[in-house]
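What follows is each chain in one-letter form.
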Amino acid sequence: MKRMLLALVFAGIICLSFVCVQAIEAARPVFFADFDTSGIPDDSVNDPATWKPENASITWAVGNFPANGSQALQMTASGCGSSGFTPFPTVENWSDGIIQMDLGWNDDDSWGIMFRRNGEMEGYFAFFGYIETISLALFDLAGGAGINGRCLNEAGVEVGPEPGSEVAPDKALAALPHNLKDMAKVANTSYTARISADGPGIKIWYGLTENFPDDPLKEPNDAGVASVIEVEDSTYASGTV
């Protein structure tokens, strides 16, 4: 089965260059895209043409997101050959702060966010599984899990039958079941993927958007979110997202 990175993404926010993540409420977002209103640093981030994938087989468009009636950035390609990395436009050297995206699926594949990335084999890869791979995981890209044009199962990091394989814990910096329920292929549910990075401290949340604060900069209650992982790793300090 394919494991391309496919999702409907209707909002993303990145804040960076904090001296202290605990003071995040005072920080100014440096990137925001929601495909319905204005963007940061400018409205060009809401134009799919400004999202330039490294893999030419990846195609982006704006479509409807049934979960909340908004517009979304939609991955319109299919198959393992269209897996890969698309950098957030205008974000060139991200180090510390918050990355948060609301997303959903119209198929059974999975979604990932790479950060502090400086090439296919350098950086971090936060993996948000869905039906085919039922895991939340954080990879070091040096292990080969984020190669353009290659599905996650082709990287040899999964165990168990398809669909419903899991990331093998010894193949990731951290991995656990995502604990999502009632998954469907019609993008009628909004999920939130959230990353907080402060030096070597990396924490990742994954669950229903309704269980996250309305303010993207406010830290969610771990007990109310489907899955959370936390690691200490200082391998990579900055890069693209």
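The model shown is predicted, which means the values in this text are computed figures rather than measured ones.

(A) Structural detail: the environment of Pro 177. With respect to the helices, strands and loops of the structure, Pro 177 is situated in strand β11 (residues 174-177). The exposure class of Pro 177 is partly exposed, given its relative accessible area of 38%. Sequence spacing of Pro 177 and Ile 134 is 43 residues, and the spatial spacing of their C-alpha atoms is 5.8 Å. Among residues more than four places away in sequence, those in contact with Pro 177 are Ile 134, Ser 135, Leu 136, Glu 166 and Ser 227.

(B) The pairing of strand β6 (residues 111-115), seen in detail. Burial analysis of β6 places five of its five residues in the buried class, which makes it a mostly covered element. Burial of the side chains of β6 extends over both faces: Trp 111, Ile 113 and Phe 115 are buried on one face and Gly 112 and Met 114 on the other. In this sheet, strand β7 (residues 124-128) lies alongside β6 in antiparallel orientation, the contact comprising five bridges. Along β7, the bridge assignment pairs Met 114 with Phe 125.

(C) Spatial organisation of the state of the cysteines. Going through the model one piece at a time under the given rule, you end up with one disulfide. Covalently, Cys 80 is tied to Cys 151 through a disulfide, its sulfur atoms 1.8 Å apart. Disulfide Cys 80-Cys 151: the torsion about the S-S bond is -105 degrees, which places it as left-handed. Pair noted here: Cys 80 is in the loop between β4 (70-75) and β5 (97-104) and Cys 151 is in the loop between β8 (135-140) and β9 (158-159), with a separation of 71 residues, a long-range link.

(D) Geometry of unusual backbone geometry. Note that the residue after Ile 40, namely Pro 41, is joined by a cis bond; omega there is 10 degrees. Relative to the elements of secondary structure, Pro 41 occurs in the loop between β2 (31-33) and β3 (60-65). Even without being a glycine, Phe 35 presents a positive backbone phi close to 65 degrees. If you trace the backbone, Phe 35 turns up in the loop between β2 and β3. Positive phi is not limited to glycine here, since Asp 182 has a value of about 50 degrees. A relative accessible area of 74% places Asp 182 in the exposed class.

(E) Region of the structure containing the pattern of salt bridges. For the structure on display, the rule yields five salt bridges. Residue Lys 203 pairs with Glu 219 through a salt bridge whose shortest N-O separation is 3.8 Å. Taken together, the positions of Lys 203 in strand β13 (residues 201-208) and Glu 219 in the loop between β13 and β14 (227-232) put the pair 16 residues apart, joining distant regions of the chain. The class for Glu 219 is partly exposed, based on a relative accessible area of 45%. Its salt-bridge partner being Asp 222, residue Lys 203 comes within 2.8 Å of it at the nearest N-O pair. A residue pair is termed long-range when its members are at least 10 positions apart, and Lys 203 in strand β13 and Asp 222 in the loop between β13 and β14 qualify at 19 residues. A relative accessible area of 13% places Lys 203 in the buried class. A relative accessible area of 32% places Asp 222 in the partly exposed class. Via salt bridges that share partners, Lys 203, Glu 219 and Asp 222 belong to a single interconnected network.

Definitions and cut-offs
Residues numbered from 1 in each chain as written. Predicted model: local features only at pLDDT ≥ 70, side-chain atom pairs only at ≥ 80, totals over all residues. Heavy atoms only, no water. Helix = DSSP H or I, 4+ residues; strand = E, 2+ residues; numbered from the N terminus. Buried < 20%, exposed > 50% of the residue type's maximum accessible area, 1.4 Å probe, protein only. Contact = heavy atoms within 4.5 Å. Pairing = 2+ DSSP bridges. Disulfide = S-S within 2.5 Å. Salt bridge = Lys/Arg side-chain N within 4 Å of Asp/Glu carboxyl O.

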